[in-house]
Amino acid sequence: METQKVTVPGLLRAKSKGEPIVAVTAYDFPFARIADEAGVDFILVGDSLGMVVQGNETTLPVTMDEVIYHSRMVARGRRRALIVADMPFGSYQVDARDAVENASRLIKEGAAEAVKLEGGEAVADTIRRIAAVDIPVVGHIGLTPQSVHRMGGHKVQGRRRGSAPGQRDRVLSDAMAVEDAGAFAVVLEGIPADLAAEITDRLSIPTIGIGAGPQCDGQILVLHDVLGLCDSLAPKFAKKYADLWKDARGALAAYAGEVRERAFPTAAHSFQSLQTVPDPPIAAEG
Ligand code: KIV
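Residues numbered from 1 in each chain as written. Predicted model: local features only at pLDDT ≥ 70, side-chain atom pairs only at ≥ 80, totals over all residues. Heavy atoms only, no water.

## Focus: the sheet that holds strand β6 (residues 185–189)
In spatial order, the strands read β1-β2-β3-β4-β5-β6-β7-β8; together these eight strands close into a barrel with parallel pairing. Across the sheet, the mean angle separating the axes of adjacent strands is 25° when strand polarity is ignored. Strand direction decides the pairing type here: strand β4 (residues 114–118) and strand β5 (residues 137–142), joined by four bridges, are parallel. Opposite Val115, over in β5, you have Val137 as the bridge partner. Contacts from helix α5 (residues 96–108) reach β3 (82–86) and β4 within the one sheet, and its direction differs from that of β4 by about 140°. (Pairing = 2+ DSSP bridges. Helix = DSSP H or I, 4+ residues; strand = E, 2+ residues; numbered from the N terminus. Axes fitted to C-alpha atoms, helices over the stretch in contact; angles between N-to-C directions. Contact = heavy atoms within 4.5 Å.)

Written out as structure tokens, the structure is:
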């Protein structure tokens, strides 16, 4: 595993060398440290924090200040990985000037090194404006969680082949638009594997898949899904590499049990008073 700092040109080189890119989300200092030490290439401070950290049903309520707060914590925990911060809903749709200002805040205040925003052709001009001030941009197309109400849920996109001017063509043209606008990478979420493979083949920037099959240039997952940090069912495309929910629940139940039985703390976890040594008598002179 490379120990060198991951950079935007480094990720572009990874695609040309055919080296898979590993990404995960993180939202705070300890998990950023763990992801960084595990050799993850880029850490996304995702607006998924609205769901997995804040407990909302969608990502829509997340604010700029909240992403900045989490991004700063992540930045303090990272040594090698590139940090990408998500632009939350409403922070880039109003106008391009507003988008550039908010992207700049994520870099200045959130200590991120790149920003991500959702959408294809519809946000191409916005991507162009942000990239023009040298803020690296990651696109995000396919299943875009901020469009949950338009999509009628978190649904796989571009599945149907055929005559209708389908979602499939739309996903493809979105991918081209994002690259053309100057994004340096693009997240492909919730699309069929063959469509993701075609996009990966056509684009010169890296594709980072989540629920998009094995042929993307890299993969990203939500931290809570990888580590099993939620009690809810993980999405079909996610793989659970640990069951921290079960472990944490078990550990806290053990702690609660020992406190109730007065088995914790023991002397080993307690401080003892220091013995006070009386001052020696002052010898009488002469
Ligand atoms: O917010 C997020 O975690 C994301 C990933 C699912 C790519 O956008």
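## Focus on a nonpolar patch on the surface
A cluster of nonpolar side chains, contributed by Leu252, Tyr255, Val259 and Phe264, occupies part of the molecular surface with about 390 Å² of accessible area. Summarising the element assignment, Val259 is placed in helix α11 (residues 244–260). (Patch = residues over 30% accessible without salt bridge, like charges linked within 9 Å, V, L, I, M, F, W, Y side chains within 5 Å. Areas by Shrake-Rupley, 256 points an atom, 1.4 Å probe, with all protein chains shown as cover. Salt bridge = Lys/Arg side-chain N within 4 Å of Asp/Glu carboxyl O.)

## Looking at the pairing of strand β8 (residues 218–221)
Here strand β1 (residues 21–25) pairs with β8 via four bridges, running parallel. Residue Ile21 lies in a different strand from β8, and its bridge partner there is Gly218. Across two bridges, strand β7 (residues 207–210) lies against β8 in parallel orientation. Residue pairing in the sheet places Ile208 in a bridge with Gly218 of β8.

## Focus: unusual backbone geometry
Pro265 follows Phe264 through a cis peptide bond whose omega is 0°. One can find Pro265 in the segment after α11. Phi is positive for Asp134, close to 65°, though the residue is something other than glycine. Mapped onto the elements, Asp134 comes out in the loop between α6 (124–132) and β5. Phi at Arg262 takes a positive value of approximately 60°, unusual for a residue other than glycine.

## Here's the deal with the site of the ligand
With respect to spatial proximity, the complete set of residues near the ligand consists of Thr25, Leu44, Gly46, Asp47, Ser48, Asp86, Lys116, His140, Val187, Glu189, Ile210 and Val222. A distance of 3.0 Å is found between an oxygen atom of the ligand and a side-chain nitrogen or oxygen belonging to Asp47. One of the side-chain nitrogen or oxygen atoms of Ser48 is found 2.5 Å away from an oxygen atom of the ligand. Here the shell around the ligand is composed, by residue class, of four nonpolar, four polar and four charged. (Near = heavy atom within 4 Å. Polar contact = N/O pair within 3.5 Å; in protein donor to acceptor, adjacent residues only side chain to side chain. Nonpolar A, V, L, I, M, F, W, Y, C, P; charged D, E, K, R; others polar.)

## Brief notes about the packing of helix α8 (residues 167–181) against helix α9 (residues 193–202)
Packed helices, taken two at a time, are described by their axes: the angle between them and the distance between them. At a minimum axis distance of 10 Å, the contact between α8 and α9 shows a crossing angle of 25°. Taken as axis vectors, α8 and α9 run roughly parallel relative to one another. Two packed elements cross with a definite hand, and for α8 against α9 that hand is right-handed. For the pair α8 and α9, contact is made by Arg168, Val171, Leu172, Ala175 and Met176 and by Asp194, Leu195, Glu198, Ile199 and Arg202, respectively. Classifying every residue of the contact of α8 with α9 by side-chain character gives six nonpolar, no polar and four charged. (Parallel < 35°, antiparallel > 145°, perpendicular 65-115°, else oblique. Left-handed = near helix turned anticlockwise from the far one by under 90°.)

## Regarding the pattern of salt bridges
Under the counting rule described, the total for this entry stands at 15 salt bridges. Note that Lys15 is salt-bridged to Asp217, the shortest N-O span being 2.7 Å. One end of the pair, Lys15, is in helix α1 (residues 8–17); the other, Asp217, is in the loop between β7 and β8, and 202 residues separate them in sequence. Taking relative accessible area as the criterion, Asp217 reaches 15% and is therefore assigned buried. Residues joined in a network through salt bridges with shared partners are Lys5, Arg78 and Glu113. (Buried < 20%, exposed > 50% of the residue type's maximum accessible area, 1.4 Å probe, protein only.)

## Things to note about α9
All of the buried residues along α9 are Leu195, Ala196, Ala197, Ile199 and Thr200. Those residues of α9 hidden inside the fold are in contact with α1, α8, β6 and β7.

The analysis is restricted to geometry; functional conclusions fall outside its scope.
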